[in-house]
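# Observations on the three-dimensional arrangement
The lines below spell out each chain.
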2 protein chains.
Amino acid sequence: MPRSYTEMENDTRPYVPEPAISRLPWYLACVSRLRAQGVEYVSSTAISKQLNVDASQIAKDLSYLNIKGKTRIGYEVSHLEKELGDFLGFTRSHNAVVMGVGSLGRALVSDSGLSRYGLDIVAGFDTDPEVIGTEIAGVPVYDLDELAGRRQELGAEIAVIAVPVEFAAEVADRCVKAGIKALWNFTPFHIKTSPEITIQNTSLYAHLAVMYNRMNSR
Amino acid sequence: MPRSYTEMENDTRPYVPEPAISRLPWYLACVSRLRAQGVEYVSSTAISKQLNVDASQIAKDLSYLNIKGKTRIGYEVSHLEKELGDFLGFTRSHNAVVMGVGSLGRALVSDSGLSRYGLDIVAGFDTDPEVIGTEIAGVPVYDLDELAGRRQELGAEIAVIAVPVEFAAEVADRCVKAGIKALWNFTPFHIKTSPEITIQNTSLYAHLAVMYNRMNSR
């Protein structure tokens, strides 16, 4: 029996260029809609029309996946949906801790939607005695000083950095020392760390700035 | 008296490349920290060391601003902080509505941090009778059908799209028809609309996918 992609990803996965990975969730969203509508096969041309992305680009992006479309019929919708979800890591559970449960951190802990995309938030950490020992949407909040001791039992390899920007550097450092492998950084601070740590920056504020600029330069 | 940048931005603003705009909030975060520490002047070299960005890149990015550093002394910290905040649009208020107050939409409405970056969420819209008429963190939730009638009185030019992906296209369309000028799209759906509408995509799920891939390809 051939090994499925899901098994393969337990080892190492091919490095896919970021623009390609970033487009794959669009295709997944499109394909999920089609499945819900009862559509059985879809061509890259049909996806192209729905998403306003070049059909040849779509075919190229999908070539990273372990799936082949049939000539004139296209891809089987439910198979493509599953392969995309597996490839993107959305169908596997990744335990994560949230550092800082202020307004944004609390919001992320409460966002049950993240678990549908494979991110299971198992604990929050903070320094505020008012929130330490409480729960947010069933997720316990611990003292930041307990991170090193609890990281392993929590099985968390991902830390979401949602602390005030002035603490970002120190908290990132503590996460790495505690054994965290990936930092999802929501602060505008440019975290420097060792090359074996994955850093994903999601600066909502940078996106806001770009949006404001575009609105005003039209 | 020379016109300040803040006045200028009420007209049109220069189109700044996205990578440059996206780096400016890093500099702002860095400069705010320095001001809090009582530092009065900073050079691009000093910012470079803190952020791991090339000093010449920083000087080039800052050249978009209406500010000049002094030779050997650098930029005045408090002035640079203010110019960055103004340039990025963070010091002006932009009214916004949130479309869809499910888990992510609710989280964004509750994130009081956004207003520190100029985004004032003035209302939520939804189709669920259970939430219509309620308030989230003091923000009223209205029926989606009331958007066209309420948009102007709310003074909102920005809509945050946080609906389930299958409704993204329709909701974006209704926002544009109601007079919204910019869509901050949190769904993985690739919104197509007319060229005069600003679209900012923030796909948390795409960022998750990139992070998972990077973790597994190391």
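What counts and how
- Residues numbered from 1 in each chain as written.
- Chains lettered and ligands numbered in written order.
- Predicted model: local features only at pLDDT ≥ 70, side-chain atom pairs only at ≥ 80, totals over all residues.
- Heavy atoms only, no water.
- Helix = DSSP H or I, 4+ residues; strand = E, 2+ residues; numbered from the N terminus.
- Buried < 20%, exposed > 50% of the residue type's maximum accessible area, 1.4 Å probe, protein only.
- Contact = heavy atoms within 4.5 Å.
- Areas by Shrake-Rupley, 256 points an atom, 1.4 Å probe, with all protein chains shown as cover.
- Lys, Arg positive; Asp, Glu negative; His and termini not counted.
- Charge placed at Lys NZ, Arg CZ, Asp CG, Glu CD.
- Phe/Tyr/Trp six-rings, centres within 6.5 Å; stacked < 30°, edge-to-face > 60°.
- Expected span 1.5 Å × (residues − 1).
- Least-squares fit on C-alpha atoms with pLDDT ≥ 70 in both.
- Pairing = 2+ DSSP bridges.
- Axes fitted to C-alpha atoms, helices over the stretch in contact; angles between N-to-C directions.
- 1 Å grid on protein atoms, 1.4 Å probe; cavity = no way out; pocket = protein on both sides within 12 Å on 5 of 7 lines; lining within 4 Å.
- Points joined across faces, edges and corners; volume = space filled by probe spheres on them.
- Nonpolar A, V, L, I, M, F, W, Y, C, P; charged D, E, K, R; others polar.
- Salt bridge = Lys/Arg side-chain N within 4 Å of Asp/Glu carboxyl O.
- Parallel < 35°, antiparallel > 145°, perpendicular 65-115°, else oblique.

Here we come to the overall build of chain A. A tally of helices and strands in chain A yields nine helices and nine strands. On the principal axes, the C-alpha backbone points of chain A span a range of 60 × 55 × 35 Å. Across the 218 residues of chain A, 53% fall into the buried class. Within chain A, counting contacts between residues at least 6 apart in sequence, those at least 24 apart form 59% of the total. Summing over all exposed atoms, chain A offers an accessible surface of approximately 9800 Å²; the carbon and sulfur share of this is 49%. With 22 positive and 26 negative side-chain charges, chain A shows a separation of 10 Å between the mean positions of the two kinds.

On to the packing of aromatic side chains, then. Centre-to-centre distance and the angle between the planes together describe a pair of aromatic rings. Going through the model one piece at a time under the given rule, you end up with eight aromatic pairs over all chains. On the numbers, 3.7 Å between centres and 10 degrees between planes, the contact of A:Y205 with B:Y117 is stacked. Taken together, the positions of A:Y205 in helix α9 (residues 204-216) and B:Y117 in the loop between α6 (103-110) and β4 (119-126) put the pair across two chains. For B:Y117, a relative accessible area of 12% gives the class buried. Between B:F90 and B:Y117, the ring centres sit 4.9 Å apart and the planes meet at 85 degrees, which makes this aromatic pair edge-to-face. On the criterion of sequence distance, the pair formed by B:F90 in the loop between α5 (77-88) and β3 (94-99) and B:Y117 in the loop between α6 and β4 is long-range, its members being 27 residues apart. One exposure class covers both B:F90 and B:Y117, and it is buried. Feature note: the residues A:F90, A:Y117 and B:Y205 constitute an aromatic cluster, connected by ring pairs.

On to helix α5 (residues 77-88) of chain A, then. All names here are of chain A. The end-to-end C-alpha distance of α5, which contains 12 residues, comes to 16 Å, matching closely the 16 Å that a straight helix rising 1.5 Å per residue would cover. Considered for burial, the residues of α5 that qualify are V77, L80, E81, E83, L84, G85, D86, F87 and L88. Looking at the residues trailing α5, positive phi occurs at G89, about 85 degrees.

Let us now look at the relation of the copies chain A and chain B. For these two chains of identical sequence, chain A goes onto chain B by a turn of 180 degrees and a shift of 0.0 Å along the axis, with RMSD 0.0 Å. Expressed as a symmetry operation, the mapping of one chain copy onto the other fits a two-fold axis. Identified as the residue of chain A closest to the rotation axis by C-alpha distance is A:A107, at 2.1 Å. A symmetric contact is evident, with 100% of the interface residues of chain A recurring at the interface of chain B.

Okay, the sheet that holds strand β9 (residues 198-201) of chain A next. Two modes of strand pairing occur in sheets, parallel and antiparallel, and in both the strands are linked by backbone hydrogen bonds. All names here are of chain A. The strand order across the open sheet built from seven strands is β5-β6-β4-β3-β7-β8-β9, with neighbouring strands paired in mixed fashion. Two strands close off the open sheet at either side, each with one partner strand: β5 (135-136) and β9. The sheet strands contacting helix α7 (residues 147-154) are β3 (94-99), β4 (119-126) and β6 (139-143), and the helix crosses β4 at an angle near 165 degrees.

If you roll a probe as big as a water molecule over the atoms, it shows you where there is empty space left. Going through the model one piece at a time under the given rule, you end up with one cavity of 30 Å³ or more. Roughly 70 Å³ of volume is contained in the largest cavity. Surrounding the largest cavity, A:L104, A:A107, A:L108, A:F186, A:L204, B:L104, B:A107, B:L108, B:F186 and B:L204 form its lining. At the level of elements, α6 (103-110) of chain A together with α6 of chain B are the ones that each hand at least two residues to the lining of the largest cavity. Partitioned by chemical class, the residues of the lining of the largest cavity number 10 nonpolar, no polar and no charged.

Our focus in this paragraph is the pattern of salt bridges. Residues and elements named next belong to chain A. This structure, assessed with the given rule, holds 16 salt bridges over all chains. One salt bridge connects D61 with R23, and the closest N-O pair in it is separated by 2.6 Å. With D61 in helix α4 (residues 55-62) and R23 in helix α2 (residues 18-36), this pair connects stretches of sequence that are 38 residues apart. Accessibility expressed as a relative area gives 17% for R23, which makes it buried.

The next point concerns the sheet that holds strand β7 (residues 158-161) of chain B. All names here are of chain B. The seven strands are arranged β5-β6-β4-β3-β7-β8-β9 in an open sheet whose pairing can be described as mixed. Two strands close off the open sheet at either side, each with one partner strand: β5 (135-136) and β9 (198-201). For strand β8 (residues 182-185) and β9, the ladder comprises four bridges, and the chain directions are parallel. Bridged to W184 within β9 is Q200. The sheet strands contacting helix α8 (residues 168-177) are β3, β7 and β8, and the helix crosses β7 at an angle near 170 degrees.

Time to look at the packing of helix α2 (residues 18-36) of chain B against helix α4 (residues 55-62) of chain B. Residue and element names in this part refer to chain B. With their axes 10 Å apart at the nearest point, α2 and α4 run at an angle of 105 degrees to one another. When the interaxial angle is binned, α2 and α4 end up roughly perpendicular. Judged by residue contacts, A20, R23, L24 and Y27 of α2 engage Q57, I58, D61 and L62 from α4. Of the residues that constitute the contact of α2 with α4, the class distribution is five nonpolar, one polar and two charged.

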